[in-house]
Amino acid sequence: MPESTRTEEISESTVESEAAQRVADSVSTASVRQAIERSREIEEQINKDPSQFRVLTGDRPTGKLHLGHYFGTLHNRVELQNKGVDTWILVADYQVITDRDGVGPLKERVLGLVTDYLACGIDPAKATIFNHSAVPALNQLLIPFLSLVTESELHRNPTVKAELEASQGRAMSGLLLTYPVHQAADIMFCKANLVPVGQDQLPHLELCRQIASRFDRRYGRARKDKPVFRRPDALLSKAPYILGTDGNKMSKSRRNTIELAMTADETAKVLKKAKTDSDRAITYDPVNRPEVSNLLLLASIATGDSPEDIAAHIGDGGGGTLKNFVTEAINETLAPIRARRVELENEKGFVEGVLAAGNEKANEVASQTLFEVREAMQMIY
Ligand code: TRP
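These numbers were taken from a predicted model, which means no experiment stands behind them.

Participant: Quick question: what am I supposed to make of the overall build of the protein here?
Facilitator: Of regular secondary structure, the protein possesses 16 helices and five strands. Rg of the C-alpha trace for the protein: 22 Å, near the compact-globule value of 21 Å for 381 residues, within the 12% margin. Buried positions account for 52% of the 381 residues belonging to the protein. Element-wise, carbon and sulfur atoms account for 52% of the exposed surface of the protein, whose accessible area totals about 17,600 Å². Across the protein, the centroid of the 47 positively charged side chains sits 4 Å from that of the 53 negatively charged ones.

So, in structure tokens, the structure goes:
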């Protein structure tokens, strides 16, 4: 098999989620606890004054968004946006090539992602959707930022280490090694101060804060009154961790995901194959009955009822009844999103226009920040 095909397949599969899980496991519980506490404080501040915050989040355009994305992050982004937080969403197209040779059907995936965002309720009047490769000044920040980190710091980064381990012996590219610095540029070019992330991304935010303070220590003398960069905080999500329909980690290659773009029938088909057990009495018991409990969790997130109540409601109905219940709950929740998605599929020009407008705004802001950076570095001639 040619190398490019092989790596394309690896990355499509489990690399990202498994690497993420390993990092999440390795981040010390003390720092996670601290980040959770800080996140709850920030949530209170958001409710009091959302205008203090600019959020930056992003996704790699490597495939279609699924329920895990929706309940884990998308839903939350829409909520932040609707609370009045200035929300910036990055389609991280340059990050696609960190761990694979080919880009796949990139344009289709980028526009598919933008379509998913809009279908889920991201409002282009309130949020800015943009992509890496269209914003040169963002990427140029990488040069001064790389001078502020050491090679050994990059090698020690737990996410980079985990992604390397998960890539099955593939040599690490320079871009994979430095992508946390690229991510710092993503956050800092627009001076975002809040980044909704999973636990696995906490080390990246720490690096981002280090780069911000090192930059100001090294070059900030000319602007003592006003540092160039803010120190961004993580916002850890409260969403429960959802597994795929077979009880394993959700991943496309396992065919255990429910994509936002699926039809109701396709969803029913995937759920029909979901794993349950032979005990007809349905109970919520994540330790001893992980598959049944995961289905209950999915139903719970979709309906807003507790998994215990749903289990009691299904009673002795067995796995079949449970699957039907989950299918209906999910299809009902996703119906308006899917309807909007179908509409947007027919308005390709609109979707492209949203991205173009977002890129224009991102370019303005990035150019301004790069100017401030060059000014601090005495590079305006
Ligand atoms: N690394 C993130 C992912 O794999 C995507 C991403 C790129 C991102 N830049 C970011 C997330 C900046 C938050 C902030 O999903």
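Participant: Which parts of the structure should I look at to understand helix α4 (residues 67-83)?
Facilitator: For α4, which comprises 17 residues, the first-to-last C-alpha distance of 23 Å matches the rise-based estimate of 24 Å (1.5 Å per residue) to within 8%. All buried positions along α4 are accounted for by Leu-67, Tyr-70, Phe-71, Gly-72, Leu-74, Arg-77, Val-78, Leu-80 and Gln-81. Within two residues after α4, Gly-84 carries a phi angle of roughly 105°, on the positive side.

Participant: Just checking my understanding: could you explain helix α13 (residues 290-303) for this structure?
Facilitator: In an α-helix there are 3.6 residues to a turn, and that puts residues three or four apart on one side. Given a rise of 1.5 Å per residue, 14 residues ought to cover 20 Å, and the 20 Å separating the end C-alpha atoms of α13 matches this to within 8%. In terms of burial, α13 is largely enclosed, as eleven of its 14 residues are buried. Those residues of α13 that fall on the buried side of the exposure criterion are Glu-291, Val-292, Ser-293, Asn-294, Leu-295, Leu-296, Leu-297, Leu-298, Ala-299, Ser-300 and Ala-302. The secondary structure elements touched by the buried residues of α13 are α4, α12 (264-272), α14 (307-314) and α15 (318-345). Positive backbone phi, at 85°, marks Gly-304, one or two positions downstream of α13.

Participant: Just to check I follow, could you spell out a nonpolar patch on the surface for this structure?
Facilitator: A contiguous nonpolar patch, built from Tyr-94, Ile-97 and Val-103 and spanning about 220 Å² of accessible area, is present on the exposed surface. Mapped onto the fold, Val-103 is located in the loop between β2 (86-91) and α5 (106-120). For Val-103, a relative accessible area of 33% translates into the label partly exposed.

Participant: Could you clarify how one ought to interpret the site of the ligand in this entry?
Facilitator: If you check the shell around the ligand, you find Leu-56, Gly-58, Arg-60, Leu-90, Ala-92, Gln-95, Gln-183, Asp-186, Ile-187, Val-195 and Gln-201 and nothing else. Gln-95 is positioned with one of its side-chain polar atoms (N or O) 2.9 Å from a nitrogen atom of the ligand. When isolated, the ligand has an accessible area of 360 Å², and the protein chains bury 87% of it. Tallying contributions element by element places helix α10 (residues 174-188) first for the shell around the ligand, with three residues. Class assignment of the residues belonging to the shell around the ligand gives a composition of five nonpolar, four polar and two charged.

Participant: Can you walk me through the pattern of salt bridges in this structure?
Facilitator: If charged atoms from side chains of opposite charge come close, those side chains can pair. A complete count under the given rule lists 20 salt bridges for this structure. Between Glu-163 and Arg-60 there is a salt bridge, with its nearest N and O atoms 3.3 Å apart. Residue Glu-163 is located in helix α9 (residues 158-166), and its partner Arg-60 is located in the loop between β1 (54-59) and α4; the two are separated by 103 residues in the primary sequence. The pair Glu-163 / Arg-60 is uniform in exposure class, with both members buried. Close ionic contact of Arg-340 with Glu-343 constitutes a salt bridge, the shortest N to O distance being 3.3 Å. Here Glu-343 and Arg-340 lie together in helix α15, a separation of three residues that amounts to about one turn.

About the cut-offs
Each chain has its residues counted from 1, following the order in which its sequence is written. Given that this is a predicted model, residues contribute local features only at a pLDDT of at least 70 and side-chain atom pairs are listed and counted only at 80 or more, while totals for whole chains, interfaces and linings are drawn from all residues. Side-chain measures were taken over the full set of non-hydrogen atoms in the model, leaving aside hydrogen atoms and water. Labels follow the DSSP assignment, with helices taken as runs of H or I lasting at least four residues and strands as runs of E lasting at least two, numbered in each case from the N terminus. Using C-alpha atoms as the atom set, the radius of gyration is obtained and then compared with a globule rule of 2.2 Å times the number of residues to the power 0.38. Each residue is assigned to one of three classes by its accessible area relative to the maximum for its type, calculated with a 1.4 Å probe on protein chains only: buried under 20%, partly exposed between the two thresholds, exposed over 50%. Using a 1.4 Å probe, accessible areas were evaluated by the Shrake-Rupley method; residue-level cover was limited to the displayed protein chains. Counted as positive: Lys and Arg. Counted as negative: Asp and Glu. His and the chain ends are not counted at all. Each charge is placed at NZ for Lys, CZ for Arg, CG for Asp and CD for Glu. Any helix carries an expected span of 1.5 Å times its number of residues minus one. Contacts are assigned to residue pairs that have any heavy atoms within 4.5 Å of one another. To count toward a patch, a residue needs a relative accessible area over 30% and no salt bridge; like charges are then connected within 9 Å, while nonpolar side chains (Val, Leu, Ile, Met, Phe, Trp, Tyr) are connected within 5 Å. Throughout this description, the term salt bridge denotes a Lys or Arg side-chain nitrogen within 4 Å of a carboxyl oxygen of Asp or Glu. Nearness is defined per residue: one heavy atom within 4 Å of the molecule or strand is enough. Any N or O atom pair separated by 3.5 Å or less is treated as a polar contact, with the protein-specific requirement of one donor-capable and one acceptor-capable atom, and with residues adjacent in sequence counted only for side-chain atom pairs. Any residue that is not Ala, Val, Leu, Ile, Met, Phe, Trp, Tyr, Cys, Pro, Asp, Glu, Lys or Arg is counted as polar, Gly included; the first ten are nonpolar and the last four charged.

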